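Listed below, chain by chain, are the residues.
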Amino acid sequence: MRRCAMTAAVDMQPVDMQRMQRYRETIGHFATGVAVVTAHGEEGPAGMTANALCSLSLDPLLLLVCFDRAARTLPPVQQTGRFAVNVLRHEQHALSGVFASKTHEREKFDGVPWRLHKGAPVLEEALAWLVCDLRETHAGGDHTICVGAVIDLHHSPDGRPLVWYRGRYGTLADEAPAEASFPN
């Protein structure tokens, strides 16, 4: 019987390329939103496209973002202890591509309306944004998991999110999402 990785080290074997591709195809069936994670370090603004993020806690308000260990946005986040998560609108797929590219960090912000808010770059046209203090980091395979404590947030009253599904950009089909019902 295997024990949870949190209680004991699990023997992690390298993943072969075929299995990795199957994993990507399979997990790609889990639709996610698309965001640009930003920070403002000594060399100016930095940002990257991310979809490996989620709400973690309501009390306190926490979210987590997974950074590739080689991500150029990670060092400014760690240096300043602050970052923003900018949730993209469905029409911002080109912007997502820019922030996913290897373009120089400052050039990614060219022509993009943004402002420094509480020390983190906030994209003016984002559907929503959250500014976070870096609370903790954890190793997670080839990624670093950053837990952020939300210190400020804002969302637009209208618009639809950009969605990532099966390796492609998409959007929600319904104009008004269905109401969720929960058992008492």
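See the structure shown above.
If you're wondering where the values come from, they're calculated on a predicted model, not measured in any experiment. (Residues numbered from 1 in each chain as written. Predicted model: local features only at pLDDT ≥ 70, side-chain atom pairs only at ≥ 80, totals over all residues. Heavy atoms only, no water.)

Visitor: Any chance you could explain the sheet that holds strand β2 (residues 35-41) here in plain terms?
Guide: In a beta sheet, neighbouring strands pair by backbone hydrogen bonds and run either parallel or antiparallel. Taken together, the seven strands give an open sheet; going across it, the order is β3-β2-β6-β9-β10-β5-β4, and neighbouring strands pair in antiparallel fashion. Among the strands making up the open sheet, the edge pair consists of β3 (44-50) and β4 (53-58). Taken pair by pair, the neighbouring strands of this sheet meet at an average axis angle of 35°, ignoring direction. Taken together, the seven bridges between strand β5 (residues 61-68) and strand β10 (residues 143-155) define a ladder with antiparallel strand orientation. If you follow V65 over to β10, its bridge partner there is C146. Along the sheet, helix α3 (residues 93-100) makes contact with β2 and β3, crossing β3 at roughly 115°. (Pairing = 2+ DSSP bridges. Helix = DSSP H or I, 4+ residues; strand = E, 2+ residues; numbered from the N terminus. Axes fitted to C-alpha atoms, helices over the stretch in contact; angles between N-to-C directions. Contact = heavy atoms within 4.5 Å.)

Visitor: Explanation requested: the packing of aromatic side chains in the structure shown.
Guide: For any two aromatic rings, the description comes down to two numbers: the centre-to-centre distance and the angle of the planes. Counted by the stated rule, this structure contains three aromatic pairs. Here W164 and Y169 contribute two aromatic rings whose centre-to-centre distance is 4.9 Å and whose plane-to-plane angle is 70°, an arrangement assigned as edge-to-face. By relative accessible area, which is 29% here, W164 ends up partly exposed. An aromatic cluster is built from F99, F109 and W114, whose rings are joined through pairwise contacts. (Phe/Tyr/Trp six-rings, centres within 6.5 Å; stacked < 30°, edge-to-face > 60°. Buried < 20%, exposed > 50% of the residue type's maximum accessible area, 1.4 Å probe, protein only.)

Visitor: Even after reading the chapter, I still don't get the environment of R135, so can you show me in this structure?
Guide: For R135, the position within the fold is in strand β9 (residues 128-140). Distance in space between the C-alpha atoms of R135 and L62 is 8.8 Å, their sequence separation being 73 residues. When sequence neighbours within four positions are dropped, the list of residues in contact with R135 reads P60, L62, V147, G148 and A149.

Visitor: Hey, could you run me through the pattern of salt bridges in this one?
Guide: It is possible for side chains of opposite charge to pair when their charged atoms get near one another. Going through the model one piece at a time under the given rule, you end up with five salt bridges. Here D133 makes a salt bridge to R82, at a shortest N to O gap of 2.5 Å. With D133 in strand β9 and R82 in strand β6 (residues 82-87), this pair connects stretches of sequence that are 51 residues apart. D133 gets classed as partly exposed once you look at its relative accessible area, which sits at 26%. (Salt bridge = Lys/Arg side-chain N within 4 Å of Asp/Glu carboxyl O.)

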